[in-house]
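# Examination of the molecular architecture
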Amino acid sequence: MNPLMLIKPLLSLGGGLFNNPIAKIITEKTVGAITHKLEKDKIIKAKEIEAAKEVDIAKISVQLEQVKQTANSWKDEWLVLFFSAIFL
């Protein structure tokens, strides 16, 4: 829920104090700052989610490439044979 929906009616209840032009400017600036902060937080959250998805995709592609490279590798087999020969 947008907190500004609660603030605006409360500001109108102030009567004479909020009819003051200086007070109106201050309240407009405050409400504007709050809306700006809320919009900025939404954008930041969306970018964080997007970046997290890209990192996960990058990790998976690196792991797949590592598996593909080890598929034709004889390194492990040679090490097993070498140490088996030593123990025998």
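Residues numbered from 1 in each chain as written. Predicted model: local features only at pLDDT ≥ 70, side-chain atom pairs only at ≥ 80, totals over all residues. Heavy atoms only, no water.

## Some words on the overall build of the protein chain
Helix and strand counts for the protein chain come out as three helices and zero strands. In sequence order, the secondary structure elements of the protein chain are arranged as α-α-α. When each of the 88 residues of the protein chain is scored for burial, the buried share is 5%. (Helix = DSSP H or I, 4+ residues; strand = E, 2+ residues; numbered from the N terminus. Buried < 20%, exposed > 50% of the residue type's maximum accessible area, 1.4 Å probe, protein only.)

## A short note on helix H3 (residues 75–87)
The end-to-end C-alpha distance of H3, which contains 13 residues, comes to 19 Å, matching closely the 18 Å that a straight helix rising 1.5 Å per residue would cover. The element H3 is barely covered by neighbouring structure, given that only zero of its 13 residues are classed as buried. (Expected span 1.5 Å × (residues − 1).)

## Things to note about the packing of aromatic side chains
For any two aromatic rings, the description comes down to two numbers: the centre-to-centre distance and the angle of the planes. Evaluation of the coordinates by the stated rule reveals one aromatic pair. Ring centres 5.3 Å apart and planes at 75 degrees place the aromatic pair Phe 82 and Phe 83 in the edge-to-face group. Owing to a relative accessible area of 44%, Phe 83 belongs among the partly exposed residues under this scheme. (Phe/Tyr/Trp six-rings, centres within 6.5 Å; stacked < 30°, edge-to-face > 60°.)

## Considerations on the confidence of the model for the protein chain
Looking at the protein chain, pLDDT values average 80 and 78% of them are 70 or higher. At the level of individual helices and strands, the protein chain shows its lowest average pLDDT in helix H1 (residues 4–12), which scores 63, and its highest in H3, which scores 89. (pLDDT = per-residue confidence, 0-100.)

## Here we look at a nonpolar patch on the surface
Residues Leu 79, Phe 82, Phe 83, Ile 86 and Phe 87 make up a contiguous nonpolar surface patch of roughly 590 Å² in combined accessible area. Tracing the backbone through its elements, the reader meets Phe 82 in helix H3. (Patch = residues over 30% accessible without salt bridge, like charges linked within 9 Å, V, L, I, M, F, W, Y side chains within 5 Å. Areas by Shrake-Rupley, 256 points an atom, 1.4 Å probe, with all protein chains shown as cover. Salt bridge = Lys/Arg side-chain N within 4 Å of Asp/Glu carboxyl O.)

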